[in-house]
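A closer look at the structure
Residues per chain, in single letters:
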Amino acid sequence: MDSMTTPAVQASRGPVTRKDVARYAGVSTAVVSYVVNGGPKKVAPATEAKVQDAIRVLGYRPNAAARALKLGSSETLGLVVPDISNPFFALFSHAVEDAAAALGYALVLGNSDGNLAKERRNIRNLAARQVDGVLLASVLFEPDLEVLETAEIPSVLLNQERDAPGFNSIGVDLAAGARIAVEHLIGHGHTNIGLAMGTNVSGATDGREVGWRQALQEAGLPEGPIVYSAFTRPGGYTAGQRLLASVNRPTAIFATSDMQAIGLLRAVHEAGLSVPGQMAVASFDGSAESEYSWPPLTTVEQPVAAMAEAAVAALVGASRGEKPRHRIFPTTLRVRQSCGCP
């Protein structure tokens, strides 16, 4: 083996190239390309092992920019969510990353903090990076995606309960999920059920509020007190305090996110009330925290993995010219102790 292929010499004369790897492994540059890119031609296991060993010894790093230029694709997708610290969005982001990786894409994540200006800045940054597509959980029902359209970058809207004409979108039937949860609380004998309703920038009535009202109306019950607060633990804590201080204090509360419910539980415990004995609670999302709160939360679970796979598939399909469509997924009520069940 000549001295030009040793790691020390390579480090001294600049970045290791594919040609260096080929020379070290005793194969062609095409074979190195097949190993690095996983195809299109198969490589014998023994040959692939030699190439992988050469890559490891020489410290070869493929040039992603050059590859993107050659393929006309960055092989990267962008994802923008309102709050990555929210366990639901963390779970969703993880599922999207897995679904993207299964199709050969890397993921760039942006956090908008529920702020429209920051959401738009994230979108502009992703467009500037020339990602192959953007998945967006927007603070608006119909966000302004002109910068993506101008760059011919496809997009998919997440958390969409209604069809947004012209957009690929993914979501669940929020009203149906909320209705099932409230009906379950009614089934426990509660006739005064309050609502801790998350706030959104769009100002549109959220489907979870609609479902809460529908369940009460269909049961012939009056609407309990309602408090609007952020989709966060502090938001739920504040909502809990206000609902407990209400003249018409409820005996059960439906919180529109697990995070709100976690904060609400603290407010209830601080007030010296037992859950579910003196206050029943149900929530929405189905995050991991709902299972490990105390008591464990009865919650409306969203099918995160299936939604993520469908969203990534829709994004890839859009790049191939498939027509936009809206997909709604069913929710599942996960019954635990906070509602009064054993």
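Whatever comes next refers back to the structure up there.
To keep things clear, this report deals only with the structure shown in the data block. Computed from a prediction, not measured in an experiment: that's the story for all the values here.

1. Some remarks on the nonpolar core
Counting 47 residues, the largest nonpolar core has Leu135, Val156, Leu158, Ile170, Leu185 and Phe254 as the members making the most contacts within it. When residues of this core are assigned to their parent elements, the largest contribution, 9 residues, is made by helix 14 (residues 304-319). Apart from residues lying up to four places away in sequence, Leu158 is in contact with Leu79, Phe92, Leu135, Leu136, Ala137, Ile170 and Ala311. Core analysis: the next-biggest nonpolar cluster, separate from the first, contains 18 residues, Val227, Leu243, Val275 and Met279 among them.

2. A word on the packing of helix 2 (residues 18-25) against helix 4 (residues 45-58)
Packing of helix 2 against helix 4 leaves a shortest axis separation of 9 Å and a crossing angle of 120°. The angle between helix 2 and helix 4 places the two elements in the oblique class. When the axes of helix 2 and helix 4 are compared, the crossing they make is right-handed. Of the residues in helix 4, those in contact with Asp20, Val21, Tyr24 and Ala25 of helix 2 are Lys50, Val51, Asp53, Ala54, Ile55, Val57 and Leu58. Class assignment of the residues belonging to the contact of helix 2 with helix 4 gives a composition of 8 nonpolar, no polar and 3 charged.

3. So, unusual backbone geometry
Look at the link from Val275 to Pro276: it is a cis peptide, with omega at 10°. For Pro276, the location among the structural elements is in the loop between helix 12 (258-270) and strand 9 (280-285). Following Trp294, the chain continues to Pro295 via a peptide bond in cis, the omega torsion being -5°. Mapped onto the elements of the fold, Pro295 is located in the loop between helix 13 (288-292) and strand 10 (298-301). Its identity is not glycine, yet Gln130 carries a phi of approximately 55°, on the positive side. As for its position among the elements, Gln130 is in the loop between helix 7 (116-128) and strand 3 (133-136). Within the chain, Asn159 stands out as a residue other than glycine whose phi angle is a positive 60°. Within the element layout of this structure, Asn159 appears in the loop between strand 4 (155-157) and strand 5 (168-172). The exposure class assigned to Asn159 is partly exposed, which follows from its relative accessible area of 35%.

4. Some thoughts on the environment of Ala308
Relative to the elements of secondary structure, Ala308 occurs in helix 14. For the pair formed by Ala308 and Leu158, sequence separation is 150 residues and the distance between their alpha carbons is 9.0 Å.

5. Things to note about the state of the cysteines
Under the counting rule described, the total for this entry stands at 0 disulfides. Free of any disulfide, Cys339 has its nearest neighbouring cysteine sulfur in Cys341, separated by 3.5 Å.

6. Digging into the sheet that holds strand 7 (residues 226-229)
In spatial order, the strands read 7-6-8-9-10-12; together these 6 strands make up an open sheet with mixed pairing. Edge positions in the open sheet fall to strand 7 and strand 12 (332-334), since each of these has one partner strand only. Averaged over all adjacent pairs, the angle separating strand axes in this sheet is 20°, with direction ignored. Alignment of strand 9 against strand 10, held across 4 bridges, turns out to be parallel. Pairing of Phe284 across the sheet is with Val300, part of strand 10.

7. Concerning the sheet that holds strand 11 (residues 326-329)
Taking strand neighbours across the sheet as the criterion, the 6 strands line up as 2-1-3-4-5-11 in an open arrangement whose pairing is parallel. The open sheet has two edge strands, strand 2 (106-111) and strand 11, and neither has a second partner. Pairs of neighbouring strands in the sheet enclose a mean axial angle of 20°, with direction left out of account. Bridge count for strand 4 against strand 5 is 2 bridges, and the pairing is parallel. Each bridged residue has a counterpart across the sheet, and for Leu157 the counterpart in strand 5 is Ser169. Where helix 6 (residues 87-102) meets the sheet, its contacts fall on strand 1 (76-81), strand 2 and strand 3, and the angle it forms with strand 1 comes to roughly 170°.

Analysis parameters
Residue numbers restart at each chain and count upward from 1, following the sequence in its written direction. Residue-level local features of this predicted model are given only where pLDDT is at least 70; pairs of side-chain atoms are given and counted only at 80 or more, and the full residue set underlies all totals for whole chains, interfaces and linings. By convention in this description, side-chain values take in all heavy atoms of the structure and omit both hydrogens and water. Among the buried residues, those of types Ala, Val, Leu, Ile, Met, Phe, Trp, Tyr and Cys that are joined through side-chain atoms within 4.5 Å form a nonpolar core. Only protein chains enter the accessibility calculation, which uses a 1.4 Å probe; a residue is then buried when its area is under 20% of its type maximum, exposed when over 50%, and partly exposed in between. The helix and strand labels rest on DSSP assignments: H or I over at least four residues marks a helix, E over at least two residues marks a strand, and numbering proceeds from the N terminus. Two residues form a contact once any of their heavy atoms are found within 4.5 Å. Under this scheme, a helix contributes an axis fitted over its contacting stretch, all axes are lines through C-alpha atoms, and angles between N-to-C directions fall in the 0 to 180 degree range. Oblique is the label for every angle not falling under 35 degrees (roughly parallel), over 145 degrees (roughly antiparallel), or within 65 to 115 degrees (roughly perpendicular). In this scheme the crossing of two helices becomes right-handed for a clockwise turn of the near helix relative to the far one and left-handed for an anticlockwise turn of less than a right angle. Gly counts as polar in this scheme, as do all residues outside two lists: the nonpolar Ala, Val, Leu, Ile, Met, Phe, Trp, Tyr, Cys and Pro, and the charged Asp, Glu, Lys and Arg. Working definition: a disulfide is two cysteine sulfur atoms within 2.5 Å of each other. Two strands are counted as paired when DSSP detects at least two bridges linking them.

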